[in-house]
Amino acid sequence: MKIQTTEGVMTVRLRPDVAPKTVENFLQYVRNDFYEGTVFHRVIPGFMIQGGGYTEDLAGKPTGAPVENEAKRTFGNVRGSVAMARMNDPDSATAQFFVNLVDNQFLDEGVRGPGYTVFGTVVEGMGVADAIASVPTTNKRGMADVPVDTVTIQSIEVVEAGEAGQP
C-alpha cells in the first residue's frame, strides 16, 4: 500500500495474518477514497503521527462502524508499525491510524490495557514519517499538536506484492 502525502510517499505492508478485521476495515476506507484530502492532525515527535479522520479545516469525516480491537503483544507498537487510533473503548477504532516513530510498547496489549491494534509496517519511506514529525505544531480548533502547515494525505492506493518496495 502506498500513502502519498504532501511530504512524500510511505509504503506500508499490511498484515491481514495478524489483524484481519482491521486490515479489511482499513481497505474498505481505501477503496472508497475516504483518506484522500485528510490530514495528519496529531504530530508528536518521539512518539507518533496520526491521521486519516479530519479534513484540512479539521472537520471530522463521517465513518462507518468501529472495528473490534485485534491488538496482540506479539505484533506490537514498534518504530515503523502502523496502528489504529481509538477512543477509550478498545473496540472504537474506525478510520484514523498512526505511525509509531519509536518503540511504544506501552501501547501494546496487556501493558496498560487492551492496547492498540497494529495492522501494518512501513517498509519504505520512514523518512517521510520522520519529516512529518518534525513540522512545527500548534493548537487549532481545540486540538493540540496540529501541524502549522497542513500535511495532507493525497491518496492511499493498494499495490501488489513486489511493487514499489512491497514485500
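What you see is a predicted model, and the numbers here were worked out from it, not measured in a lab. Counting of residues starts from 1 at the beginning of each chain's written sequence and follows it residue by residue. Only residues with pLDDT of at least 70 are given local features in this predicted model, and only at 80 or more are side-chain atom pairs given and counted; all residues enter the totals for whole chains, interfaces and linings. Hydrogens and water molecules were not included; the side-chain quantities draw on all heavy atoms of the structure.

## Structural notes on the sheet that holds strand β1 (residues 2–5)
Note the threshold: Paired strands, as defined in this entry, are two strands with at least two bridges between them according to DSSP. Where helices and strands are cited, they refer to DSSP runs of H or I of at least four residues and of E of at least two residues respectively, numbered from the N terminus. Interaxial angles span 0 to 180 degrees and are taken between N-to-C directions of axes, which are lines fitted to C-alpha atoms, for helices over the stretch in contact. Only heavy atoms enter the contact rule, under which two residues are in contact if any of them lie within 4.5 Å.
Spatial ordering of the closed barrel is given by β1-β2-β7-β5-β6-β4-β3-β10, a layout of eight strands whose pairing is antiparallel. Neighbour-to-neighbour, the strand axes of the sheet open up by a mean angle of 35 degrees, direction not taken into account. Of the strand pairs in this sheet, strand β4 (residues 48–51) and strand β6 (residues 97–100) are connected by four bridges, and their pairing is antiparallel. Note that in β6 the partner of Ile49 across the bridge is Val99. Contacts from helix α2 (residues 126–133) reach β1, β2 (8–14), β3 (38–44), β4, β6 and β7 (118–124), with the element oriented near 120 degrees to β2.

## Description of the side chain of Ser81
Take Ser81: it is sitting in strand β5 (residues 81–84). The residues touching Ser81, leaving out its near neighbours within four places in the chain, are Gly76, Phe98, Val99, Asn100, Val118, Gly120 and Thr121.

## Thoughts on the packing of aromatic side chains
Filter applied, for reference: Aromatic rings from Phe, Tyr and Trp, taking only the six-membered ring of Trp, are treated as a pair when their centres fall within 6.5 Å; an angle between ring planes under 30 degrees marks them as stacked, one over 60 as edge-to-face, and anything in between as tilted. Burial classes: relative accessible area under 20% of the type maximum marks a residue as buried, over 50% as exposed, and values in between as partly exposed (1.4 Å probe, protein chains only).
All chains considered together, the criterion is met by 10 aromatic pairs. Measuring from centroid to centroid gives 5.1 Å for Phe26 and Tyr35, while their planes differ by 35 degrees, and the two rings are tilted. Centroid distance Phe47 to Phe106: 5.9 Å. Interplanar angle 20 degrees. Geometry classified as stacked. With a gap of 59 residues between them, Phe47 in the loop between β3 and β4 and Phe106 in the loop between β6 and β7 connect regions that are remote in the sequence. With a relative accessible area of 18%, Phe47 lands in the buried category. Each member of the aromatic cluster is reached from another via a ring pair, and the members are Phe26, Tyr29, Phe34, Tyr35, Phe40, Phe97 and Phe119.

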